[in-house]
Amino acid sequence: MAKGPNKILMTSADLVFIYKKDVGKSSRTMLKSRGTLTEKENTPDIIRASDPASRSMPSLNDLNDFTQTARYNGDLVHVKELDIEGFEMKSKLLTYIRMLRDLRHENLNPYVGFMVERENKPALVMEYCSRGSLHDMIHNEDIKLDWDFKLSLLTDLVRGMRYLHSSPLKFHGHLTSHTCVIDSRFVLKITTYGVSGIMERCKAQRTMEARDCLWSAPELLRDPVLLHKGTDKGDIYSLAIIFQEVTLRSEPYSTTGLTPEEVVRKLKKPPPLIRPSVTPQAAPPQFIQIMKQCWAEMPEMRPSLDEIYDQFKKLTGGKKANIVDTMFKMLEKYSNDLEDIVADRTMQLEEEKKKTDQLLFRMLPSTVAESLKLGQTVEAETFSEVSIYFSDIVGFTTISAMSTPMQVVDLLNDLYTMFDATIDNYDVYKVETIGDAYMVASGLPIRNGNRHAGEISTMALMLLSQCGEFTIRHMPHVPLRLRIGLHTGSCVAGVVGLTMPRFCLFGDTVNTASRMESTGAGGCQV
């Protein structure tokens, strides 16, 4: 019992205690082992991992005043000290402790052993759960608990209690949200079960304040013997109070607005009956009904754990997976659909890329735009034969003087939108518009042999024809006439600037075409 790998009775020499000093103020962690103190820098990594200052998100157990963290055979454990003076190990107590250690269930936090030393009080050694107690998690605002998460935790609680009630232990005795812990996989486990039996066999009683009695059933509060011992029906009542805590994420009886002492006094001496209030929006109606049945005043009216378990199976749809397993299934399903999602997103990206390229090709020639996208330098190029078109509006200064700025913008937008739609039918390239001036070239940036002159001339005639039918919105009776100039020759074309780059033409051909336009007659082609 006290030797070998499976021994039950332990001493402090078997454990390496981790003491946290001034949590939140000091980052120094000390290691106490067999009377020696070692500074944090010389401690193993597993010890330093318990230091709040060395972790991004400290464990909730850092603030737990009731348990100490230690290492046993390299594994982290919790050491729960029992308030028993003059402790003496007897055969009946040893048999009882062995029975507690043999209890094994996925929703029970198993006992590793029982620490006994003459100079110290006895203590229970149990497995370490990294995410703290259920009470800590409920009141941690950084943790978001949706209904599925809450139901997963409560289902674990019901499974663990169902096993306890069918085990030789028969009941927990002091079930609270503090005696439910959460492991790294968010699985709820019940702990400190059987403590009331140990205290009873040692003829000791735990000190209970009014706040500790909020989970106790009314019949236990009226009988001090039952209060310290516990009953199976008392566990059902405690279970219902934990249901209320998790559902509302608040303290027991928080909706009453009473102090713990007032609540305990009213529970002992009804009427009226005092119970927590849970709104229908906080949980499904079936769950609220189960909770109300569990805190019935008469113990025999409360359902058994098997009945509660069957009701929870209906709530969960028969699913046994906890929240982490559910998350893994969701990730697996998502990975199966990921290929289709990626293909769909890729198609959307291609569509957006086409729209972007289309807009870019309207601002720059496609060959120039592709070179700029690749980060290449666009060299200026000489074209031996091109035809240049210039035009402006006759009397534009007079029209502008008689119009508002918005009307001038609308006029030019209507006219050049019509021009842009027309030139798409010809092998030409729109160079730019400056005010009422409109400049088009053919034979560049893609050479078209000797077709450039015919393309530009035919386009000019079409634009003249359309201007005869064009109506100024704010001056419907004023005719719009174009003055056009054309010329054919050589020129140089290149991209000017890095910010808002522009494709510009240079040479005598451009100047001549501009002069032809400025000296020409309105409504005629020169």
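The structure presented is a predicted model; accordingly, all values stated were derived computationally and were not measured.

**Quick word on the packing of aromatic side chains**
Part 1 of the reasoning: Taken as a whole and assessed by the stated rule, the structure comprises 11 aromatic pairs.
Part 2 of the reasoning: Judged by centre distance (5.3 Å) and plane angle (80°), the rings of Phe149 and Phe186 are edge-to-face. Residue Phe149 is found in helix 4 (residues 147–166), and its partner Phe186 is found in the loop between strand 9 (180–182) and strand 10 (188–190); the two are separated by 37 residues along the sequence.
Part 3 of the reasoning: A relative accessible area of 11% means that Phe149 is categorised as buried.
Part 4 of the reasoning: Taken together, a centroid distance of 5.7 Å and an interplanar angle of 55° make the contact between Tyr416 and Phe419 tilted. Taken as a pair, Tyr416 and Phe419 lie in helix 15 (residues 405–423) at a separation of 3 residues, close to a single helical turn.
Part 5 of the reasoning: Residue Phe419 is classed as buried on the basis of its relative accessible area of 0%.
Part 6 of the reasoning: Through successive ring pairs, a cluster of aromatic residues spans Trp147, Phe243, Phe287 and Phe312.

**Description of a positive patch on the surface**
Part 1 of the reasoning: The grouping of Lys90, Lys92, Arg201, Lys203 and Lys229 at the surface amounts to a positive patch.
Part 2 of the reasoning: Residue position: Lys92 is located in helix 2 (residues 91–102).

**Thoughts on the pattern of salt bridges**
Part 1 of the reasoning: Scanning the model with the defined rule gives 18 salt bridges in all.
Part 2 of the reasoning: Notably, a salt bridge pairs Arg473 with Asp414, separated by 2.8 Å at the nearest N-O pair. Residue Arg473 is located in the loop between helix 16 (452–469) and strand 14 (482–496), and its partner Asp414 is located in helix 15; the two are separated by 59 residues in the primary sequence.
Part 3 of the reasoning: Arg473 sits in the exposed class, given a relative accessible area of 58%.
Part 4 of the reasoning: With relative accessibility at 24%, the residue Asp414 sits in the partly exposed group.
Part 5 of the reasoning: Here Arg451 ties to Glu455 by a salt bridge, and the two come within 3.1 Å at their closest N and O atoms.
Part 6 of the reasoning: Residue Glu455 is classed as buried on the basis of its relative accessible area of 16%.

**Re the confidence of the model for the protein**
Part 1 of the reasoning: Taken over all residues, the pLDDT of the protein has a mean of 81, while the share at 70 or more is 83%.
Part 2 of the reasoning: Note that pLDDT drops below 50 for residues 21–67; the model gives that stretch 76 contacts with residues more than four away or on any other chain.

**Topic: the sheet that holds strand 11 (residues 381–393)**
Part 1 of the reasoning: Spatially, 5 strands are ordered 12-13-11-14-15 in an open sheet, and the strand pairing comes out antiparallel. Across the chains shown, the open sheet's two edge strands, defined by having one partner strand only, are strand 12 (429–434) and strand 15 (502–506). Direction aside, neighbouring strands of the sheet carry axes that sit 40° apart on average.
Part 2 of the reasoning: Contacts from helix 15 reach strand 11, strand 12, strand 13 (437–442) and strand 14 within the one sheet, and its direction differs from that of strand 13 by about 10°.
Part 3 of the reasoning: On top of the sheet, helix 16 reaches strand 11, strand 13 and strand 14; it is set at about 135° to strand 14, its chief contact.

**Side note on unusual backbone geometry**
Across residues other than glycine, the phi torsion is negative in most instances, and most of the peptide bonds are trans.
Part 1 of the reasoning: Cis geometry is found at the peptide bond from Pro270 to Pro271, where omega equals -5°.
Part 2 of the reasoning: Note that Pro271 resides in the loop between helix 9 (260–268) and helix 10 (285–294).
Part 3 of the reasoning: Residue Pro272 is reached from Pro271 by a cis peptide bond, and omega for that bond is -5°.
Part 4 of the reasoning: As for its position among the elements, Pro272 is in the loop between helix 9 and helix 10.
Part 5 of the reasoning: Here the phi dihedral of Phe186 falls at roughly 60°; this positive angle occurs in a residue that is not glycine.
Part 6 of the reasoning: In this structure, Arg249 is a non-glycine residue whose phi angle is positive, near 55°.
Part 7 of the reasoning: By the element assignment, Arg249 lies in the loop between helix 8 (232–248) and helix 9.

**Thoughts on empty space enclosed by the protein**
Part 1 of the reasoning: Enumeration over the complete set of coordinates arrives at 2 cavities of 30 Å³ or more.
Part 2 of the reasoning: Estimates place the volume of the largest cavity at around 50 Å³.
Part 3 of the reasoning: Around the largest cavity sit Ile8, Ile97, Leu100, Arg101, Tyr111, Val112, Gly113, Phe114 and Leu124, which together line it.
Part 4 of the reasoning: Secondary-structure elements contributing two or more residues to the lining of the largest cavity are helix 2 and strand 7 (111–115).
Part 5 of the reasoning: Tallying contributions element by element places strand 7 first for the lining of the largest cavity, with 4 residues.
Part 6 of the reasoning: When its residues are assigned to classes, the lining of the largest cavity shows 7 nonpolar, 1 polar and 1 charged.

**Points about the side chain of Ser403**
Part 1 of the reasoning: The topology assignment puts Ser403 in the loop between helix 14 (396–401) and helix 15.
Part 2 of the reasoning: A distance of 2.6 Å separates the side chain of Ser403 from the side chain of His474, its partner in a polar contact.
Part 3 of the reasoning: With near-sequence residues (within four places) excluded, Ser403 lies in contact with Val408, His474 and Met475.

**What about the nonpolar core?**
Part 1 of the reasoning: Leu134, Leu157, Ile198, Leu239, Ile242, Phe243 and Phe312 are the most contacted members of the largest nonpolar core, which totals 75 residues.
Part 2 of the reasoning: Phe243 has contacts with Leu154, Val158, Phe287, Ile290, Met291 and Phe312, leaving out every residue within four places of it along the chain.
Part 3 of the reasoning: One finds Leu415, Tyr426, Phe470 and Met475 within the second-largest nonpolar core, a separate group that totals 28 residues.

**Brief notes about the packing of helix 10 against helix 11 (residues 305–316)**
Part 1 of the reasoning: Here helix 10 crosses helix 11 at 165°, and the two axes come no closer than 10 Å. In terms of their interaxial angle, helix 10 and helix 11 are classed as roughly antiparallel. Between helix 10 and helix 11 lies a crossing whose hand is left-handed. Note on element contacts: helix 11 touches helix 10 through Ile308, Gln311, Phe312, Lys314 and Leu315, opposite Gln286, Phe287, Ile290 and Cys294.

How each quantity is defined
Residues numbered from 1 in each chain as written. Predicted model: local features only at pLDDT ≥ 70, side-chain atom pairs only at ≥ 80, totals over all residues. Heavy atoms only, no water. Phe/Tyr/Trp six-rings, centres within 6.5 Å; stacked < 30°, edge-to-face > 60°. Helix = DSSP H or I, 4+ residues; strand = E, 2+ residues; numbered from the N terminus. Buried < 20%, exposed > 50% of the residue type's maximum accessible area, 1.4 Å probe, protein only. Patch = residues over 30% accessible without salt bridge, like charges linked within 9 Å, V, L, I, M, F, W, Y side chains within 5 Å. Areas by Shrake-Rupley, 256 points an atom, 1.4 Å probe, with all protein chains shown as cover. Salt bridge = Lys/Arg side-chain N within 4 Å of Asp/Glu carboxyl O. Lys, Arg positive; Asp, Glu negative; His and termini not counted. Charge placed at Lys NZ, Arg CZ, Asp CG, Glu CD. pLDDT = per-residue confidence, 0-100. Contact = heavy atoms within 4.5 Å. Pairing = 2+ DSSP bridges. Axes fitted to C-alpha atoms, helices over the stretch in contact; angles between N-to-C directions. 1 Å grid on protein atoms, 1.4 Å probe; cavity = no way out; pocket = protein on both sides within 12 Å on 5 of 7 lines; lining within 4 Å. Points joined across faces, edges and corners; volume = space filled by probe spheres on them. Nonpolar A, V, L, I, M, F, W, Y, C, P; charged D, E, K, R; others polar. Polar contact = N/O pair within 3.5 Å; in protein donor to acceptor, adjacent residues only side chain to side chain. Core = buried A, V, L, I, M, F, W, Y, C linked by side-chain atoms within 4.5 Å. Parallel < 35°, antiparallel > 145°, perpendicular 65-115°, else oblique. Left-handed = near helix turned anticlockwise from the far one by under 90°.

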